[in-house]
Amino acid sequence: MHQLIMGDSDNWKSYGVVIIIQVIYTWMFITSKAAFNAGLSPVVFLFYRQAVASLFLVPFSVVAKWGTAPKLSLILLFKFFMLALIGITIGLNVYNIGLKYTSETVASAAFNAIPVITFFLAFLLRMETLKLRRIHGMAKAIGVMLCLAGVVVIALYVGPAIHPFNHNSLFHQSGNSDGQVHSKATWIKGTFLLLFANTAWSLWLVMQGLMLKECPSKLLLTTIQCIFSMFQSFVVALAFERDFSKWKLAFDVRLLAVLYSGIFNAVISWYLQAWCIEKKGPVFVAMSNPLTIIFTIFSALFFLGETIHLGSVLGGILTVAGLYSVLWGKYKESKLILTSNENLNIQGAEHNAILPIHENQEKIEGIVCNDGSVNTK
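Rules and cut-offs
Residue numbers here run from 1 along each chain, matching the order of that chain's written sequence. Selection of residues for local features in this predicted model requires a pLDDT of at least 70, selection of side-chain atom pairs for listing and counting requires 80 or more, and totals for whole chains, interfaces and linings are taken over all residues. Note: side-chain values were computed over all heavy atoms of the structure, leaving out hydrogens and water. Helix and strand labels come from DSSP, where a helix needs a run of H or I of at least four residues and a strand needs a run of E of at least two; each type is numbered from the N terminus. A simple rule labels every residue: compare its accessible area, found with a 1.4 Å probe on the protein chains alone, to the largest value its type can have, and call it buried under 20%, exposed over 50%, or partly exposed in between. Residue contacts follow a heavy-atom distance rule, with two residues in contact if any of their heavy atoms lie within 4.5 Å. Computed with the Shrake-Rupley method and a 1.4 Å probe, the accessible areas treat only the protein chains shown as cover for residues. The term nonpolar core refers to a set of buried residues drawn from Ala, Val, Leu, Ile, Met, Phe, Trp, Tyr and Cys, joined through side-chain atoms within 4.5 Å. Here a cavity denotes a set of grid points, spaced 1 Å apart and computed over the protein atoms alone, in which a 1.4 Å probe fits but from which it cannot get out, and a pocket denotes an open set meeting protein on both sides within 12 Å along at least five of seven lines; residues with an atom within 4 Å of a point are reported as lining. Grid points are joined across faces, edges and corners, and a volume is the space filled by probe spheres set on the points. Lys, Arg, Asp and Glu make up the charged group, whereas Ala, Val, Leu, Ile, Met, Phe, Trp, Tyr, Cys and Pro make up the nonpolar group; the residues left over, Gly among them, are polar. Axis lines are fitted to C-alpha atoms, over the contacting stretch for helices. Their N-to-C directions set the angle, which ranges from 0 to 180 degrees. Orientation categories follow fixed angle ranges, with anything under 35 degrees roughly parallel, anything over 145 roughly antiparallel, 65 to 115 roughly perpendicular, and all other angles oblique. Handedness of a helix crossing follows the sense of rotation of the near helix relative to the far helix, less than a right angle counterclockwise being left-handed and clockwise being right-handed. To pair, rings of Phe, Tyr and Trp, with the six-membered ring standing in for Trp, must have centres within 6.5 Å; the planes then decide the type, stacked if under 30 degrees apart, edge-to-face if over 60, and tilted in the middle. Put simply, a salt bridge is a Lys or Arg side-chain nitrogen that is within 4 Å of an Asp or Glu carboxyl oxygen. A score from 0 to 100, pLDDT tells how confident the predictor is in each residue.

> Quick question: what am I supposed to make of the overall build of the protein here?
In terms of helices and strands, the protein carries twelve helices and two strands. Secondary structure elements of the protein occur, N-terminal to C-terminal, as α-α-α-α-α-α-β-α-α-α-α-α-β-α. With 377 residues in all, the protein has 44% of them scored as buried. Expressed as a percentage of contacts within the protein between residues at least 6 apart in sequence, the contacts between residues at least 24 apart total 89%. Total accessible area computed for the protein in this model is approximately 20,100 Å², and 69% of it derives from carbon and sulfur atoms.

Here it is, written out as structure tokens:
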């Protein structure tokens, strides 16, 4: 009875933690977009974010794990450098520019494509299988197509406006409605930049899985990537943003976005996500991703005074449908593999149980004479 109660408690904790993670992501989209609208450069924002994250992660990593860390060779450090370059410096810079060109709703909808793109890249790298003659293979293929359809709908279809219930923005900014500020060409460009960023993140996730075999410490892996990406993003910011007025931070939404993204998103959400994956597995966390678009639409309509367009909502629904289709296919495939392995184990056990009986029968037949007497030689 005690174990049952404790199990229910862990389940409730997992559900609570996963909701907190998605709320953190939602407000990362919202505060980042508000900071860009206030004049903060996206490339400068990433440098500040990674600097704040490094300031928090390095002392904690030194105290907690650095003494037991594996030896860092030059080849391993180069792999860390490339991992940070692809997933953080390139991925997040492109994402921030895409967010600036579109809206929080589009960014949260595109966020759901990451597990689907990750599966597709893993399939191309022969880390995943796709059997189109089986129902689980068809489900995964349909999921990839639904995800791509969602991105196309977001990019090309605006649709009727859904007006906010509260017309006063939380950050006191005007003219930030979904799809009205930017031209059609800019909107399409921003959507496909978000898709490119998600592809970079997905490749980063696949590569990170391979890297964890060489460096099992997740904390060390995250900390070194933060340090490398901080220097990389500083170089990128210097190269692309020469207007130093866009580097300035004041006590407004720009500073809030940097601190929030650096502390809550890069540190706290990482820890909570690692805890949740350990307790319930990565699929459980991925299943909660659609909450971000629900929270983002709710926040835009009730707190931010923003207009949402039907195209963003429909595209988000298609992307979520694609996510669940791929996850369902993965679940059915893993269930079939588990059942097949159990059957093989049962057959092996039966074979091992029958084999001694046959051997004993041969021995007995070898010492019993035709007349039924026992040969004692």
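> So what exactly am I meant to see when it comes to the nonpolar core here?
Generally speaking, nonpolar side chains in soluble globular proteins are found buried as a group. Formed by 61 residues in total, the largest nonpolar core has its most connected members in Val-44, Phe-80 and Tyr-95. Top contributing element to this core by residue count: helix H1 (residues 2-37), with nine residues. Counting 13 residues, the second-largest nonpolar core is a separate cluster that includes Ile-117, Cys-147, Ala-286 and Val-326.

> Before we go on, may I ask you to explain the layout of surface pockets in this structure?
Leftover empty space is mapped by rolling, across the atoms, a probe with the size of a water molecule. A volume near 1,900 Å³ is recorded for the largest pocket. Per element, the largest residue contribution to the lining of the largest pocket is ten residues, and it comes from helix H9 (residues 253-280). Of the voids in this model, the second largest pocket is the one considered here, and its volume is about 220 Å³. Around the second largest pocket, the lining comprises 14 residues; the ones closest to its centre are Ser-41, Pro-42, Val-43, Ile-97 and Phe-240. Within the residue set of the lining of the second largest pocket, elements represented by two or more residues are helix H2 (42-64), helix H3 (74-101) and helix H8 (218-240). Looking at the lining of the second largest pocket element by element, the count peaks at seven residues for H3. The class makeup of the residues in the lining of the second largest pocket is eight nonpolar, three polar and three charged.

> Just checking my understanding: could you explain the packing of helix H5 (residues 114-124) against helix H6 (residues 135-156) for this structure?
Each packed pair of helices is defined by two parameters, the angle between the axes and the distance between the axes. Across the interface, H5 lies against H6 with an axial gap of 10 Å and an inter-helix angle of 125°. What the angle tells us is that H5 and H6 run oblique. Crossing geometry of H5 relative to H6 is assigned as left-handed. Along its contact with H5, which presents Val-116, Phe-119 and Phe-120, the element H6 presents Lys-140, Gly-143, Val-144 and Cys-147. Partitioning the contact of H5 with H6 into residue classes produces five nonpolar, one polar and one charged.

> Got a minute to help me understand helix H4 (residues 104-111) in this structure?
Note: α-helices contain 3.6 residues per turn, so residues at a spacing of three or four share the same orientation. The buried fraction of H4 is high, at eight of eight residues. The set of residues buried in H4 consists of Glu-104, Thr-105, Val-106, Ala-107, Ser-108, Ala-109, Ala-110 and Phe-111.

> So what exactly am I meant to see when it comes to the packing of aromatic side chains here?
Using the criterion set out here, one finds eleven aromatic pairs in the structure. Residues Phe-29 and Tyr-95 carry aromatic rings whose centres are separated by 6.2 Å and whose planes lie at 50° to one another, so their mutual orientation is tilted. A residue pair is termed long-range when its members are at least 10 positions apart, and Phe-29 in helix H1 and Tyr-95 in helix H3 qualify at 66 residues. No difference in accessibility class separates Phe-29 from Tyr-95, as the two residues are buried. Geometrically, the ring pair formed by Tyr-260 and Phe-264 is stacked, given 5.0 Å between the ring centres and 15° between the ring planes.

> Before we go on, may I ask you to explain empty space enclosed by the protein in this structure?
Under the definition given, this model contains two cavities of 30 Å³ or more. Roughly 30 Å³ of volume is contained in the second largest cavity. Looking at the lining of the second largest cavity element by element, the count peaks at three residues for H2. Grouping the constituent residues of the lining of the second largest cavity by class yields four nonpolar, three polar and one charged.

> When you look at the pattern of salt bridges in this model, what are you seeing that I'm missing?
Where charged atoms from two side chains of opposite charge come close, those side chains can pair. Considering all chains together, one arrives at three salt bridges under this definition. Its salt-bridge partner being Lys-140, residue Glu-333 comes within 2.9 Å of it at the nearest N-O pair. Separated by 193 residues along the polypeptide, Glu-333 in helix H12 (residues 310-367) and Lys-140 in helix H6 bring together distant segments of the chain. Each member of the pair Glu-333 and Lys-140 is classed as buried. Note that Arg-254 is salt-bridged to Asp-252, the shortest N-O span being 2.7 Å. You can call Asp-252 partly exposed: its relative accessible area is 30%.

> Which parts of the structure should I look at to understand the confidence of the model for the protein?
As a note on interpretation, predicted positions should not be read in detail where pLDDT is low. Of the residues in the protein, 80% have a pLDDT of 70 or more, and the chain-wide mean is 79. Note that pLDDT drops below 50 for residues 1-6; the model gives that stretch zero contacts with residues more than four away or on any other chain.

> Explain H5 to me, please; I cannot follow it from the model alone.
Counting buried residues in H5 gives eight out of eleven residues, a clear majority hidden from the surface. Looking only at H5, the buried set comprises Ile-114, Pro-115, Val-116, Ile-117, Thr-118, Phe-119, Leu-121 and Ala-122.

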